[in-house]
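Spelled out from the first residue to the last, the chains are:
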Amino acid sequence: MIIEIGQKVFYEIDTGNILAINPSARGDEFYVKDRTIDEIIELYPVLRERDRATFDVIELKYGQYDEDFSQAKGWWVNPETKKLHFDYRDPNEPEGPPAYRKPLTEEIEELKQADIENKQAIAELTMMIAAPMA
């Protein structure tokens with residue numbers, strides 16, 4: 001049986017700075033092990049040497065944000081929302097300051113949904129306008 005395990009992103013609770021990312025894995029259950037958070041913490045000195053109360057983890061689905069990680073220059077967790085944000089630099093100013101924002105993959109999905117809703121509203125208005133007056 002093939003199993004898929006998503007990335008685990010460990011970050012400082014106060015700052016949102018990323019401490020470690022445990023990579024995703026896909027493969028036969030004989031070779032791929034889904035480790036507990038405590039087991040993963042033991043693998044990374046930066047985590048096991050810290051007070052557990054100072055950091056948290058975001059568990060992603062397999063493949064989630066892969067495109068964002070590959071396109072962004074950096075990543076950070078918003079401490080207030082506990083959501084990942086990515087640094088998509090302006091290609092005209094690659095050395096400029098980080099411009100963290102929510103994942104582009106989420107923004108694209110939101111735009112697709114808004115487009116569908118707009119098309120439905122236009123279709124309904126068109127039907128209302130085309131309907132014969134009584």
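Reading the values: the criteria
- Residues numbered from 1 in each chain as written.
- Predicted model: local features only at pLDDT ≥ 70, side-chain atom pairs only at ≥ 80, totals over all residues.
- Heavy atoms only, no water.
- Salt bridge = Lys/Arg side-chain N within 4 Å of Asp/Glu carboxyl O.
- Helix = DSSP H or I, 4+ residues; strand = E, 2+ residues; numbered from the N terminus.
- Buried < 20%, exposed > 50% of the residue type's maximum accessible area, 1.4 Å probe, protein only.
- Pairing = 2+ DSSP bridges.
- pLDDT = per-residue confidence, 0-100.
- Core = buried A, V, L, I, M, F, W, Y, C linked by side-chain atoms within 4.5 Å.
- Contact = heavy atoms within 4.5 Å.
- Phe/Tyr/Trp six-rings, centres within 6.5 Å; stacked < 30°, edge-to-face > 60°.

Comments concerning the pattern of salt bridges
Piece 1. Scanning the model with the defined rule gives eight salt bridges in all.
Piece 2. A salt bridge links Glu12 to Arg50; its shortest N-O distance comes to 3.2 Å. Highlighted residues: Glu12 in strand β2 (residues 8-12) and Arg50 in the loop between α2 (45-48) and β5 (55-59), separated in sequence by 38 residues.
Piece 3. The buried category is assigned to Glu12, whose relative accessible area is 17%.
Piece 4. On the basis of relative accessible area, Arg50 is assigned to the partly exposed category, the value being 28%.
Piece 5. Taking the shortest distance from any N to any O, the salt bridge between Asp87 and Arg89 comes out at 2.7 Å.
Piece 6. Its relative accessible area of 25% is what places Arg89 among the partly exposed residues.

A short note on the sheet that holds strand β7 (residues 83-87)
Whenever strands of a sheet pair, they do so through backbone hydrogen bonds, lying parallel or antiparallel.
Piece 1. Spatial ordering of the open sheet is given by β6-β7-β8, a layout of three strands whose pairing is antiparallel. Both outer strands of the open sheet, β6 (74-78) and β8 (100-101), are each paired with one neighbouring strand and no more.
Piece 2. Examined bridge by bridge, β7 and β8 share two bridges and lie antiparallel to one another. By the bridge assignment, Asp87 is partnered in β8 with Tyr100.

Considerations on the confidence of the model for the protein chain
Piece 1. On average, residues of the protein chain score 90 in pLDDT, and 99% of them reach the 70 mark or higher.
Piece 2. By mean pLDDT, the top-scoring element of the protein chain is β2 (98), and the lowest-scoring one is β8 (80).

Observations concerning the nonpolar core
Piece 1. Formed by Val9, Tyr11, Ile58, Leu60, Tyr65, Phe69, Ala72, Val77, Leu84, Phe86 and Tyr88, the largest nonpolar core amounts to eleven residues.
Piece 2. Going through the elements one at a time, β2 and β7 are the ones with two or more residues in this core.
Piece 3. Beyond its immediate chain neighbours, meaning those up to four positions away, Tyr88 contacts Asp68, Gln71, Ala72, Ala99, Arg101, Lys102, Pro103 and Leu104.
Piece 4. Ranked by size, the runner-up nonpolar core spans nine residues in total, among them Phe10, Ile37, Leu47 and Val57.

Concerning the packing of aromatic side chains
To describe a pair of aromatic rings, one takes the distance between the centres and the angle between the planes.
Piece 1. Applying the stated criterion to the full structure yields eight aromatic pairs.
Piece 2. Aromatic side chains Phe30 and Tyr31 sit 5.0 Å apart centroid to centroid with 90 degrees between the ring planes, which places their arrangement in the edge-to-face category.
Piece 3. Summarising the aromatic geometry, the rings of Tyr65 and Phe86 are spaced 5.8 Å apart at their centres and angled 65 degrees between planes, so their arrangement reads as edge-to-face. Here Phe86 lies in strand β7 and Tyr65 lies in the loop between β5 and α3 (66-71), a separation of 21 residues in the sequence.
Piece 4. For Phe86, a relative accessible area of 0% puts it in the buried group.
Piece 5. Of the aromatic side chains, those joined through ring pairs into one cluster are Tyr65, Phe69, Trp75, Phe86 and Tyr88.

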